[in-house]
Amino acid sequence: MDVLDRTLPSLAENVALDEALLLAAESGDGGEVLRFWEWPFPAVVLGSGSRLAEEVNETACLSDGVPIVRRSSGGGTVLLGSGCLLYTLVLSYERAPDLTDVRRSYRFILGRIAQSLSEDVGPLEPAGISDLAFAGRKMSGTAQQRKRSFLLHHGTLLYDMDLALIPRYLREPLRQPEYRGGRPHLAFVANLPLLAEEIKRRLRHLWGAERPRLTWPAKEVQQLVVEKYTNPQWIRRR
């Protein structure tokens, strides 16, 4: 598998690159890849079906200059920032039978990641449908977009995030996993006690992603940015 450790200049480009990598693989121009990126400033990313008014404190975002974008995958709204590592997996269904089913694919992927990251750290395990929890507190949320031959699985990994920023910009979600138990953001989320480079090393080893990918679908990224990721009709569609 290829590894692409690349943060592009704008937030919209970074969100677009994930979808572009999936589309490239599906068209036969790419293939499986593990990508890492990190956005150094607070930013809100909506899921494709998220409701902006219900999940985001837009007044605080506008006041502080925090951008809001919407991704192509499902799942809930997340806050990015320094100390929040983003990872992206584009996987072929041929890799494992479990990948062809949505719920089984989450268990397959998250179970492997939990085992890899929990070594010498503590109790890290899949929680809910698409989270990873450290000692019962969420430190990773994930989402998927699926095509005929490949899936995109991407998510956050909190390792040194200023967690106090989350309740400033994100409202308490109306839909919550059972394991949350009604806890507010600051009682529910936690940082994983690993450095970013160690997380990357473990995930590269886990997925056998040691071959650097030196190029990416730049033209397709720019097209997606214009047509979707900077388009207010897409961002504010719900």
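Computed from a predicted model, the values in this text were never measured in an experiment.

(A) Region of the structure containing the nonpolar core. Residues Val44, Ile68, Leu80 and Val90 are the most contacted members of the largest nonpolar core, which totals 47 residues. Here this core gets nine residues from one element, more than from any other, and that element is helix α1 (residues 11-27). Excluding residues that lie within four positions of it along the chain, valine 90 makes contacts with Leu21, Leu22, Ala25, Gly31, Glu32, Val33, Phe150, Leu151 and Leu152.

(B) Here's a closer look at the packing of aromatic side chains. Applying the stated criterion across every chain yields a total of two aromatic pairs. Aromatic side chains tyrosine 179 and phenylalanine 188 sit 5.3 Å apart centroid to centroid with 50 degrees between the ring planes, which places their arrangement in the tilted category. On the basis of relative accessible area, tyrosine 179 is assigned to the partly exposed category, the value being 23%. Note on phenylalanine 188: relative accessible area 3%, which makes it buried. Summarising the aromatic geometry, the rings of tyrosine 229 and tryptophan 234 are spaced 6.4 Å apart at their centres and angled 85 degrees between planes, so their arrangement reads as edge-to-face. Judged by its relative accessible area of 14%, tryptophan 234 falls in the buried class.

(C) Spatial organisation of the environment of glutamate 94. In this fold, glutamate 94 is placed in the loop between β6 (84-92) and α4 (102-118). In this structure glutamate 94 comes out as exposed when scored by relative accessible area, which is 77%. For the pair glutamate 94 and alanine 114, spaced 20 residues apart in the sequence, the C-alpha separation amounts to 22 Å.

What counts, and at which threshold
Residues numbered from 1 in each chain as written. Predicted model: local features only at pLDDT ≥ 70, side-chain atom pairs only at ≥ 80, totals over all residues. Heavy atoms only, no water. Core = buried A, V, L, I, M, F, W, Y, C linked by side-chain atoms within 4.5 Å. Buried < 20%, exposed > 50% of the residue type's maximum accessible area, 1.4 Å probe, protein only. Helix = DSSP H or I, 4+ residues; strand = E, 2+ residues; numbered from the N terminus. Contact = heavy atoms within 4.5 Å. Phe/Tyr/Trp six-rings, centres within 6.5 Å; stacked < 30°, edge-to-face > 60°.

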